[in-house]
Amino acid sequence: MRPTPFLLTAALTATALGALSSPASAKGPAKPHDFDGDGRTDLVINAPELDQRGHHDTGVVALLYGGTNRKQVLTQHSPGMGSIPEHGVGFGEATASADFDRDGYADLAVTGPNEHGATIVYGSAKGLSKRVAFLETDERRGPLHRRLAVGDFDRDGRPDLVLTSTTKYWVFSRVDKGTDVAKPARFAFKSYEIELNDLRPFVGDFTGDGKDDLFLASSMNPNFTRLVKGSASGLTAPVAVPELRQVRAAVVGDFNGDGRDDLVTRRASKIYVRQGTGSGLGGPKLVKKISSGDPAPLAAADVNRDGRDDLAVGFPGSGPRKSGQVVLIYGSASGPTTKKARILHQGTKGLKAGAEKGDAFGSAVRLLDVAGDRRPDLVIGSSGENKGAGRLYVLTNRNRAVSAKGVRQYSAGSFGLKGRHLGSHLFP
């Protein structure tokens, strides 16, 4: 199964708060979000409503290095970023990661509503560095919601970056070019324009041909969904996806273990799975509902290591005292099944968190290997905790199951930040 593309971040004011393991020497392209090449996934937290050093409401991206307590914070004022004038309020609204220059260290892409492009921050043996590049588009309007995604659409072995806005999406290829210079470098792109939307990109190899495909949905236009297939020459023309409307959230994973990626979408309070087929995406199948309230975020990875991805769903308005909860739904030969599903909330043994209405536990979820043992851990955001300040919980995967034993918790203060709603953004 392909790794779920992940987020961004970090910066150049690192504070080591614990014993750090020395990074391994990098060999071959790194996996997404392994910025120091040590084999562990580094956790990226998008915090567009937080600030640092008196720069209020500008937004930050926070980074926690996997297997350690080492942190970095990236802002528009970080070293290497000052030469890029396009940053503004909401910095870090969207992120994505890949080893764009294939040097063994993952790189980070970041954008915000006031930017007319995306910034690449390159990884190194010490983590994210001062070396940056700016990917400029042909759009100057703002503020507009921006989103990022990564895929290899032409199967040339090099990651491509997709940036979306309301009416356009851009594809940047060969982002590795020119990255040996210290000053920002600009890269060419292909631009596509469609009818008014708030485009959200999701990448997966739905046909199983080895080339990634792009699924586009809109939170503005409920009737808009498009599938853009990959080919030897890159992305092809967008095609409407029938019977798939009002997509509020989505995630990609191989939930039935057949080697093709599937697409799980949320529409209002219902969750649907569409399995990948040789021609694209199959028909929608409703996943049995096992929690009250509307689900918000979705995440996918193979938690129990059975060769099928599992689905984590956040329900920030349900659970004990309506404080929120997360449901873990396991994959099967027929796709996600609620049989033996697991429910986690603030009253779960080991979490040591008081459940209060409005805590929004489950406002964000991620499944990724933070410990570096090839088992996905569960990261949960609780954006309403502590009167809206927010909190993050990291639950380790033990014996092929997520465990609340030894849970790690982080507040905005853990990263030296101020602001609200930490844990509301954990998405690409």
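Residues numbered from 1 in each chain as written. Predicted model: local features only at pLDDT ≥ 70, side-chain atom pairs only at ≥ 80, totals over all residues. Heavy atoms only, no water.

**Considerations on the overall build of the chain**
So, point 1. When its secondary structure is counted, the chain shows one helix and 30 strands.
So, point 2. When each of the 428 residues of the chain is scored for burial, the buried share is 59%.
So, point 3. Pairs at least 24 residues apart make up 56% of the contacts formed inside the chain by residues separated by at least 6 positions.
So, point 4. Accessible area for the chain stands at about 16400 Å²; split by element, carbon and sulfur atoms hold 49% of it. (Helix = DSSP H or I, 4+ residues; strand = E, 2+ residues; numbered from the N terminus. Buried < 20%, exposed > 50% of the residue type's maximum accessible area, 1.4 Å probe, protein only. Contact = heavy atoms within 4.5 Å. Areas by Shrake-Rupley, 256 points an atom, 1.4 Å probe, with all protein chains shown as cover.)

**Description of unusual backbone geometry**
So, point 1. The phi dihedral of R321 falls on the positive side, at around 55°, and the residue is not glycine.
So, point 2. Residue class for R321 comes out exposed when judged on its relative accessible area of 66%.
So, point 3. One non-glycine residue, K387, adopts positive backbone phi at about 60°.
So, point 4. Along the chain, the position of K387 falls in helix α1 (residues 385-388).

**Examining the pattern of salt bridges**
So, point 1. The final tally for this structure, using the stated rule, is 10 salt bridges.
So, point 2. The partner of R131 in a salt bridge is D101, with the nearest N and O atoms 3.0 Å apart. Taken together, the positions of R131 in the loop between β8 (117-121) and β9 (132-136) and D101 in the loop between β6 (94-98) and β7 (107-111) put the pair 30 residues apart, joining distant regions of the chain.
So, point 3. Classification of R131 as partly exposed rests on a relative accessible area of 22%.
So, point 4. Among the salt bridges present, the one from R131 reaches D103, with a minimum N-O distance of 3.9 Å. A residue pair is termed long-range when its members are at least 10 positions apart, and R131 in the loop between β8 and β9 and D103 in the loop between β6 and β7 qualify at 28 residues. (Salt bridge = Lys/Arg side-chain N within 4 Å of Asp/Glu carboxyl O.)

**Notes on the confidence of the model for the chain**
So, point 1. Looking at the chain as a whole, the pLDDT averages 84, with 87% of positions reaching at least 70.
So, point 2. Predicted confidence is poor over residues 178-182, with pLDDT under 50, and the contacts of this stretch with residues over four places away or in other chains come to seven contacts. (pLDDT = per-residue confidence, 0-100.)

**As for the sheet that holds strand β19 (residues 262-267)**
Pairing between the strands of a sheet comes from backbone hydrogen bonds, and it takes one of two forms, parallel or antiparallel.
So, point 1. Reading across from one edge, β18-β19-β20-β21 is the order of the four strands in this open sheet, with antiparallel pairing throughout. The open sheet terminates on both sides in strands that have one partner only, identified here as β18 (249-253) and β21 (280-287). Sheet twist, expressed as the mean angle between neighbouring strand axes with direction ignored, is 20°.
So, point 2. Summarising the sheet, strand β20 (residues 270-277) and β21 pair through six bridges and their orientation is antiparallel. When the bridges of β21 are listed, R274 appears paired with P284. (Pairing = 2+ DSSP bridges. Axes fitted to C-alpha atoms, helices over the stretch in contact; angles between N-to-C directions.)

**Comments concerning the pairing of β20**
So, point 1. In this sheet, β20 lies alongside β19 in antiparallel orientation, the contact comprising five bridges. Within β20, the position partnered with T265 by the bridge is Y272.
So, point 2. Between β19 and β20, which follow one another and run antiparallel, lie two residues, and A268 among them has a positive phi close to 55°.
So, point 3. In sequence, β20 turns back onto β21 through a hairpin of two residues.

**Concerning the nonpolar core**
So, point 1. In this structure, L367, L378, Y393 and L395 are the most contacted members of the largest nonpolar core, which totals 20 residues.
So, point 2. Secondary-structure elements contributing two or more residues to this core are β22 (298-301), β24 (325-330), β26 (361-368), β27 (377-382), β28 (391-398) and β29 (401-410).
So, point 3. Counting 18 residues, the second-largest nonpolar core is a separate cluster that includes I45, Y410, A412 and L422. (Core = buried A, V, L, I, M, F, W, Y, C linked by side-chain atoms within 4.5 Å.)

**Some details on the packing of aromatic side chains**
So, point 1. What the rule picks out here adds up to five aromatic pairs.
So, point 2. Measuring from ring centre to ring centre gives 5.7 Å for F172 and F189, while their planes differ by 55°; the resulting arrangement is tilted. Of this pair, F172 sits in strand β12 (residues 168-172) while F189 sits in the loop between β12 and β13 (190-193), placing them 17 residues apart in sequence.
So, point 3. Classification of F189 as partly exposed rests on a relative accessible area of 28%.
So, point 4. For the pair F361 and Y393, a centre-to-centre distance of 5.4 Å together with 70° between the ring planes defines the contact as edge-to-face. In this pair, F361 is assigned in strand β26 and Y393 in strand β28, connecting sequence segments 32 residues apart.
So, point 5. By relative accessible area, Y393 is classed as buried at 1%.
So, point 6. Residue placement shows K71 over the ring face of F415; its charged tip is 6.0 Å from the ring centre.
So, point 7. Over the aromatic face of Y122 sits the side chain of R131, whose NZ or CZ is 4.4 Å from the ring centroid. (Phe/Tyr/Trp six-rings, centres within 6.5 Å; stacked < 30°, edge-to-face > 60°. Lys NZ or Arg CZ within 6 Å of the ring centre and 35° of its normal.)

**What about the environment of F153?**
So, point 1. Among the secondary structure elements, F153 is positioned in the loop between β10 (147-151) and β11 (160-164).
So, point 2. What makes F153 buried here is its relative accessible area of 2%.
So, point 3. When the C-alpha positions of F153 and V171 are compared, they lie 9.7 Å apart, and in sequence the two are 18 residues distant.
So, point 4. Once you skip the residues sitting within four places of it in the chain, F153 turns out to touch D160, V162, V171, V203, K211, D212, D213, L214, G230, S231, G234 and L235.

**Remarks on the side chain of N46**
So, point 1. Mapped onto the fold, N46 is located in strand β2 (residues 43-47).
So, point 2. The exposure class assigned to N46 is buried, which follows from its relative accessible area of 1%.
So, point 3. A polar atom in the side chain of N46 sits 3.0 Å from the backbone oxygen of G92.
So, point 4. A polar contact of 3.2 Å, which involves the side chain of N46, links it to the side chain of T95. (Polar contact = N/O pair within 3.5 Å; in protein donor to acceptor, adjacent residues only side chain to side chain.)

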